[in-house]
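Read off the chains here:
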4 protein chains.
Amino acid sequence: MNKQITATLLAECPDQPGIIAKVTDFLAKKNANIVDLEQHVDVADQHFFMRVEWQLSDTDVNRELLEKEFSEYVGSVLKMNWSIAYSNLKPRLAIFVSQHGHCLFDILSRYQAGEWNVDVPLIISNHKNYQSSAENAGIDFHYIPINADNKQQQESTQLALLAEHRIDTIVLARYMQILSANFIDHYPHQIINIHHSFLPAFPGAKPYHSAHERGVKIIGATSHYVTTELDAGPIIEQDIVRIRHNDHVEDLKRKGQDNEKIVLSRAIRHHLQNEVLVYKNRCIVFD
Amino acid sequence: MNKQITATLLAECPDQPGIIAKVTDFLAKKNANIVDLEQHVDVADQHFFMRVEWQLSDTDVNRELLEKEFSEYVGSVLKMNWSIAYSNLKPRLAIFVSQHGHCLFDILSRYQAGEWNVDVPLIISNHKNYQSSAENAGIDFHYIPINADNKQQQESTQLALLAEHRIDTIVLARYMQILSANFIDHYPHQIINIHHSFLPAFPGAKPYHSAHERGVKIIGATSHYVTTELDAGPIIEQDIVRIRHNDHVEDLKRKGQDNEKIVLSRAIRHHLQNEVLVYKNRCIVFD
Amino acid sequence: MNKQITATLLAECPDQPGIIAKVTDFLAKKNANIVDLEQHVDVADQHFFMRVEWQLSDTDVNRELLEKEFSEYVGSVLKMNWSIAYSNLKPRLAIFVSQHGHCLFDILSRYQAGEWNVDVPLIISNHKNYQSSAENAGIDFHYIPINADNKQQQESTQLALLAEHRIDTIVLARYMQILSANFIDHYPHQIINIHHSFLPAFPGAKPYHSAHERGVKIIGATSHYVTTELDAGPIIEQDIVRIRHNDHVEDLKRKGQDNEKIVLSRAIRHHLQNEVLVYKNRCIVFD
Amino acid sequence: MNKQITATLLAECPDQPGIIAKVTDFLAKKNANIVDLEQHVDVADQHFFMRVEWQLSDTDVNRELLEKEFSEYVGSVLKMNWSIAYSNLKPRLAIFVSQHGHCLFDILSRYQAGEWNVDVPLIISNHKNYQSSAENAGIDFHYIPINADNKQQQESTQLALLAEHRIDTIVLARYMQILSANFIDHYPHQIINIHHSFLPAFPGAKPYHSAHERGVKIIGATSHYVTTELDAGPIIEQDIVRIRHNDHVEDLKRKGQDNEKIVLSRAIRHHLQNEVLVYKNRCIVFD
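Residues numbered from 1 in each chain as written. Chains lettered and ligands numbered in written order. Predicted model: local features only at pLDDT ≥ 70, side-chain atom pairs only at ≥ 80, totals over all residues. Heavy atoms only, no water.

### Observations regarding the overall build of chain A
- A count of helices and strands for chain A gives 8 helices and 13 strands.
- Computed over its C-alpha atoms, the radius of gyration of chain A comes to 21 Å, within 12% of the 19 Å expected for a compact globule of 287 residues.
- Summarising its shape, the C-alpha atoms of chain A cover approximately 60 × 40 × 40 Å along the three principal directions.
- Each of the 287 residues in chain A was classed as buried or not, and the buried ones make up 61%.
- Relative to all contacts within chain A whose residues are 6 or more apart in sequence, the contacts with residues 24 or more apart total 67%. (Helix = DSSP H or I, 4+ residues; strand = E, 2+ residues; numbered from the N terminus. Rg over C-alpha atoms; globule rule 2.2 N^0.38 Å. Buried < 20%, exposed > 50% of the residue type's maximum accessible area, 1.4 Å probe, protein only. Contact = heavy atoms within 4.5 Å.)

### Some points on the relation of the copies chain C and chain D
- In the superposition of chain C on chain D (RMSD 0.0 Å, axial shift 0.0 Å), the rotation amounts to 180°. These values place the two chain copies in the arrangement generated by a two-fold rotation axis. Considering only C-alpha atoms, the residue of chain C closest to the rotation axis is Ala201(C), which sits at 2.3 Å.
- Of the interface residues in chain C, 100% have counterparts in chain D that sit at the interface too, so the contact is made through matching surfaces. (Least-squares fit on C-alpha atoms with pLDDT ≥ 70 in both.)

### With respect to the sheet that holds strand S7 (residues 140–143) of chain A
Residue and element names in this part refer to chain A.
- Spatial strand order, S7-S6-S5-S8-S9-S10-S11: 7 strands in an open sheet with mixed pairing. Here the strands that pair on one side only, and so sit at the sheet edges, are S7 and strand S11 (235–242). Mean inter-strand twist for the sheet, computed between neighbouring axes without regard to direction, equals 15°.
- As paired strands, strand S6 (residues 119–125) and S7 are joined by 4 bridges and run parallel to one another. In the strand pairing of S7, Ile124 is matched with His142.
- Contacting strand S5 (92–97), S6, S7 and strand S8 (169–172), helix H5 (residues 151–164) crosses the sheet at an angle of about 170° to S6. (Pairing = 2+ DSSP bridges. Axes fitted to C-alpha atoms, helices over the stretch in contact; angles between N-to-C directions.)

### Side note on the pattern of salt bridges
- In total, this model carries 83 salt bridges over all chains according to the counting rule given.
- Asp45(B) is the partner of Lys280(B) in a salt bridge, and the nearest nitrogen-oxygen pair spans 2.9 Å. One end of the pair, Lys280(B), is in the loop between strand S12 (276–279) and strand S13 (282–285); the other, Asp45(B), is in the loop between strand S2 (33–42) and strand S3 (47–55), with 235 residues separating them in the sequence.
- A relative accessible area of 54% means that Lys280(B) is categorised as exposed.
- The exposure class assigned to Asp45(B) is partly exposed, which follows from its relative accessible area of 28%.
- In this structure, a network of salt bridges that share partners links the residues Asp106(A), Arg110(A), Glu115(A), Asp258(D) and Lys261(D). (Salt bridge = Lys/Arg side-chain N within 4 Å of Asp/Glu carboxyl O.)

### Some thoughts on the interface of chain C and chain D
- On the side of chain D, 40 residues touch chain C, which itself brings 40 residues to the contact.
- When the area that chain C buries against chain D is broken down by residue, the three leading residues are Arg214(C), Lys217(C) and His245(C), summing to 23%.
- Viewed at the interface, chain D and chain C are joined by 8 salt bridges.
- Here Arg242(C) ties to Glu237(D) by a salt bridge, and the two come within 3.3 Å at their closest N and O atoms.
- In this assembly, chain C and chain D are joined by 20 residue pairs in polar contact (both at pLDDT 80 or more).
- Put simply, the parts of the chain that give the side of chain C that touches chain D at least two residues each are strand S2 (33–42), helix H7 (207–214), strand S11 (235–242) and strand S13 (282–285) of chain C. (Buried area = accessible area lost by both parts, 1.4 Å probe. Polar contact = N/O pair within 3.5 Å; in protein donor to acceptor, adjacent residues only side chain to side chain.)

### Some words on the environment of Ala267(B)
Residue and element names in this part refer to chain B.
- Looking at where Ala267 falls in the secondary structure, it is placed in helix H8 (residues 249–272).
- On the accessibility criterion, Ala267 (0% relative accessible area) is buried.
- Separated by 169 residues in sequence, Ala267 and Ser98 place their C-alpha atoms 20 Å apart.
- Ignoring any residue separated from it by four or fewer positions in sequence, one finds Ala267 in contact with Ile192, Ser223, Ile236 and Glu237.

### Focus: the interface of chain C and chain A
- Facing 16 residues of chain C, the contacting portion of chain A comprises 16 residues.
- Of the roughly 1300 Å² buried between chain C and chain A, counting both surfaces, carbon and sulfur atoms make up 53%.
- Counting across the interface, chain C meets chain A through 3 residue pairs in polar contact (both at pLDDT 80 or more).
- Of all the secondary structure elements, the ones that give two or more residues to the side of chain C that touches chain A are helix H1 (19–29) and S2 of chain C.
- Considered class by class, the residues forming the side of chain C that touches chain A number 9 nonpolar, 4 polar and 3 charged. (Nonpolar A, V, L, I, M, F, W, Y, C, P; charged D, E, K, R; others polar.)

### Some thoughts on the domain arrangement of chain A
Residue and element names in this part refer to chain A.
- Here the domain parsing of chain A yields domain 1 (6–86) and domain 2 (92–285).
- Put simply, the middle of domain 1 and the middle of domain 2, counted by C-alpha atoms, are 31 Å apart.
- For the pair domain 1 and domain 2, the summed buried surface comes to about 890 Å²; carbon and sulfur atoms form 60% of the total.
- In this assembly, domain 1 and domain 2 are joined by 2 salt bridges.
- Counting across the domain 1 and domain 2 interface gives 5 residue pairs in polar contact (both at pLDDT 80 or more).
- Breaking the side of domain 1 that touches domain 2 down by element, the ones donating at least two residues are strand S1 (6–14), strand S2 (33–42) and strand S3 (47–55).
- Residues that form the side of domain 1 that touches domain 2 fall into these classes: 5 nonpolar, 3 polar and 4 charged. (Domains from an automatic or database assignment.)

### Concerning unusual backbone geometry
- In this structure, Pro200(C) follows Leu199(C) across a cis peptide bond, with omega equal to 10°.
- By the element assignment, Pro200(C) lies in the loop between strand S9 (191–195) and H7.
- Non-glycine residue Arg174(A) carries a positive phi angle of around 60°.
- Residue position: Arg174(A) is located in the loop between S8 and helix H6 (181–185).
- Judged by relative accessible area, which is 5%, Arg174(A) ranks as buried.
- The phi dihedral of Arg166(C) is positive, around 50°, even though this residue is not glycine.
- In this fold, Arg166(C) is placed in the loop between helix H5 (151–164) and strand S8 (169–172).
- Taking the relative accessible area as the measure of exposure, Arg166(C) reaches 54% and is therefore exposed.

### Some thoughts on helix H8 (residues 249–272) of chain A
Residue and element names in this part refer to chain A.
- The end-to-end C-alpha distance of H8 is 34 Å, a good match for the 34 Å that 24 residues give at a rise of 1.5 Å each.
- At Gly256, H8 shows its largest kink, close to 25°.
- Most of H8 sits out of view: 20 of its 24 residues are buried.
- One or two residues past the end of H8 sits Asn274, with phi positive at roughly 55°. (Expected span 1.5 Å × (residues − 1). Bend = angle between axes of the 7 residues up to and from the residue.)

### Side note on the packing of aromatic side chains
- A full pass over the atoms with the stated rule returns 30 aromatic pairs over all chains.
- Plain terms: the ring middles of Phe105(B) and Tyr130(B) are 5.6 Å apart, the flat faces sit at 85° to each other, and that makes the pair edge-to-face. Linking Phe105(B) in helix H3 (residues 102–113) with Tyr130(B) in the loop between strand S6 (119–125) and helix H4 (131–136), this pair joins segments that are 25 residues apart in sequence. The exposure classification of Phe105(B) matches that of Tyr130(B), with both residues buried.
- Note on Phe70(D) and Trp82(D): the rings are 4.9 Å apart at their centroids and 70° apart in plane angle, and the pair reads as edge-to-face. One end of the pair, Phe70(D), is in helix H2 (residues 63–78); the other, Trp82(D), is in strand S4 (residues 81–86), with 12 residues separating them in the sequence.
- When its relative accessible area of 25% is taken as the criterion, Trp82(D) is described as partly exposed.
- Three or more aromatic residues link up through ring pairs in this structure, and these residues are Phe96(A), Tyr175(A), Phe183(A) and Tyr187(A).
- Sitting above the plane of the Tyr86(B) ring, Arg63(B) keeps its charged end 4.4 Å from the centroid. (Phe/Tyr/Trp six-rings, centres within 6.5 Å; stacked < 30°, edge-to-face > 60°. Lys NZ or Arg CZ within 6 Å of the ring centre and 35° of its normal.)

### Considering the environment of Asp251(A)
- Tracing the sequence through the fold places Asp251(A) in helix H8.
- Distance in space between the C-alpha atoms of Asp251(A) and Ile170(A) is 29 Å, their sequence separation being 81 residues.
- In contact with Asp251(A), not counting residues within four places along its chain, are Asn246(A) and Arg269(D).
- A distance of 2.8 Å separates a polar side-chain atom of Asp251(A) from the backbone nitrogen of His248(A).
- Among the polar contacts listed, one links the side chain of Asp251(A) to the side chain of Arg254(A), at a separation of 3.0 Å.

### Section: the side chain of Asp231(B)
- Among the secondary structure elements, Asp231(B) is positioned in the loop between strand S10 (218–225) and strand S11 (235–242).
- A polar side-chain atom of Asp231(B) sits 2.8 Å from the main-chain amide nitrogen of Gly204(B).
- Sequence-distant contacts of Asp231(B), defined by excluding residues within four places in its chain, comprise Arg214(A), Asn193(B), His195(B), Leu199(B), Pro203(B), Gly204(B) and His224(B).

Laid out in structure tokens, this is it:
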């Protein structure tokens, strides 16, 4: 793959003629070589969405100037919400985990193989199970147990650690605690959760038990951004596994866990590649 | 395929040692050649389920005697609920349809190709759209419009037609009317519906609109037996289609309809092959 | 969906900076409202691919002038292969079928429901099985039996019928005859076939028998453009069905046929929507 | 799940009436509680296959006597090939790996979570990459580089290590060396490989490159028992991933690796659960 530095624009604005021409014309004048462009129009809402990735012609490009000019000549004219990410600035990710390790191990396997453009400096858990796994991977591990009495104080400790490690994105890798609204507000659309059902079916606790009781023929997993409404945030990725009449709840858990880890890792990748735009509690995923 | 006449036993009873031995020993003494046997134990409920299909050694076998002896030596001993179907007795099926024809055409295509062991003597609709399609296929078509005032009376007309045609099984091929509890009681676990969502997500009307609004990445279809609780009957078959961010509601409908017709036809086949046992609002499907 | 007339450009050329800007700038100056734009760069080949769909600002737009100007200001400058299709000019499609009717019935069901923007004036078959089905749908049916001796002459008859009906695209809906190179040359990348295997596995005859003998766990279907090399043309669409150890060859056929008809219909739709570009025997499908 | 010790019979013999009755009658007389029974008849070959799992009534059951009696009263009478496994005798597994770690990490994650009934005492590699991962998991690691000159000698070293660790099953977790026929003969149907294509498509080296060049729309992975014919052994499990026109070869590798590890782990589980019977180079998988 091309290892040249790229910039990625994510943008959305009211639909109108000439948006793509205006954006690509701006980039052409900067001698940018566009390597990927995707756009989407929500016809019902008359709203426009766009992702453009281009090679930076010069690694010393003045980013401040680039963004100032983009804002002036494109963004403000089109009433655009936009952001630009640069591939040489690695996002920093923290993992929260409880006692199920399958998602954590899957993430660590990819991290150690260099599959993603990311740094993972911090793992936080309310259990000690995975302390040595974290240490073997060279990642700071903090054991922060949570109960009804200490939750607010422990979240403050967590927030301080996240700030100290300059974390951009938090992954809840089967973290079995509900985050407070205050905590979530610090990381809007930057906390990625995996829920072990095909949402909106079976939100909340014990979805595999509910799936078994309802007698569904297929189980699912859903990765979404965390919002203050439980299991109702914008969905980034979902997938399913077919089950059979002879699968007990334990079989659903086992088959489901394979699905959970793949779905979560795909969602993380979409997020890290700047492929996700959130609009009206829905994710536009430019894959 | 083997065209010899077969008998199929569906049975369920409290789990206990020796059930299979008792059943297969009974059949061995009748010189039955078993061509398929599947069993399943619900460990949590300690309940046993079984499907056995065997070749009848003699087409003149005395069915009354066979069933009387089975009841005496096996069924009553094991406190079994059981039934035996014979492949030379074709089930008789009626189709109810409204204005969406994709499921109807899929069923008719299979019927005309002889894919299923079934007779389809009757189509009932609250619209006239598919009258000529029915007639081309040589099937009686009855136009029975429904409104709030005539519903009870029209259902009586429907029930009379079903009785007259000696119908065993009713397929609701996107029939957009809710059946009364009285009607349903006439055909317990013999009315097969297709719902255009991945139940229990999005029950009720307009599931594709709801799916689009929630921003799911996958849509589904569910075929189930109709019970008096709407969209909550035992699920026979489900399947899904992946969608993308650029799919509008109309695209969801189009992609979903392909899925609906395949799911419904698979469910009908399972039912006609005597592969489905209902227990506690769940279907055991011996596929 | 928007019923306004749209134009769709399909284009490919050597990759170079500024292609999108040049195309969209051209369209902006024509006051075209772009409703969809997708592009793709084959990095290894340094080749660029593009599909743009826009609303025609005026139904009386002078197409000759538009294409002349596009050629002059964009196409020739970028050394582009390109074509423009207009949504109010319906493609005309002919169906070739033999004795398996499942794909034919699926196409007719969609045609009668108005699912596609297409006219189907002609069905040709080497058997008489589906004459009445064609006639019920109001489509000309021609019985043209083929054997080793009459093949060249019968293909001439077919070509004359195709010309007479001004056919753009031919669908081989399980047509069990191999077309001559001469015939294929009349319709380059305009003949769509369905092969009942996951190509390149199991080309040629009896793929379900081969799949059963090899013991695969999944069977597939492949829709591709016909080229002179058997079952080796550019692939438009594929899909699969999982099978089990208890499926006999007859079960593979049955399950496979459901897959075949869906895969073929998806491929036809991609083709009719002008979503397919062929490059080096591969299809770029802008879905 | 039930932690009681179970025995599992795998058996195949020419089809004939009364097989199931004979087997289950034998077990009933031993007071065995059958927890699962699956059978399958290959109608074309007139051959019978069976898997029965039952709870041992007494952990001190005399296995030699049980098997002697089974052989005498059932096996020899029916000309059966059969074996019985006991759940309290853990299989011992060795992993062979080269430089791709995704399958290895997936296996280790499951091993450490106790997902399988297995011991993994040995990892062998022709590279040193995963020495510390093995050691962190408490598994013996042996670096055994292979080249054209030392292959025979190094295989002898491997065989000695396998014997020393009393290994039952070998998993080739993307091990990029071809085993000699002599080596394979030591472990008939006990060496499980993962091939990164949907076999029989794309056997041999670089299947993702071949898939990209052929323009397939779906890629696959295949886990099979190793035989002396390369990539042609009996298939245990397969699965697929859909790809898009904008996926480069590197994307195929990345998406494919997720699939490979899941397919391999499913195949290992089927093998460890004694769910696989090999017959005429096909696997009957009782799932």
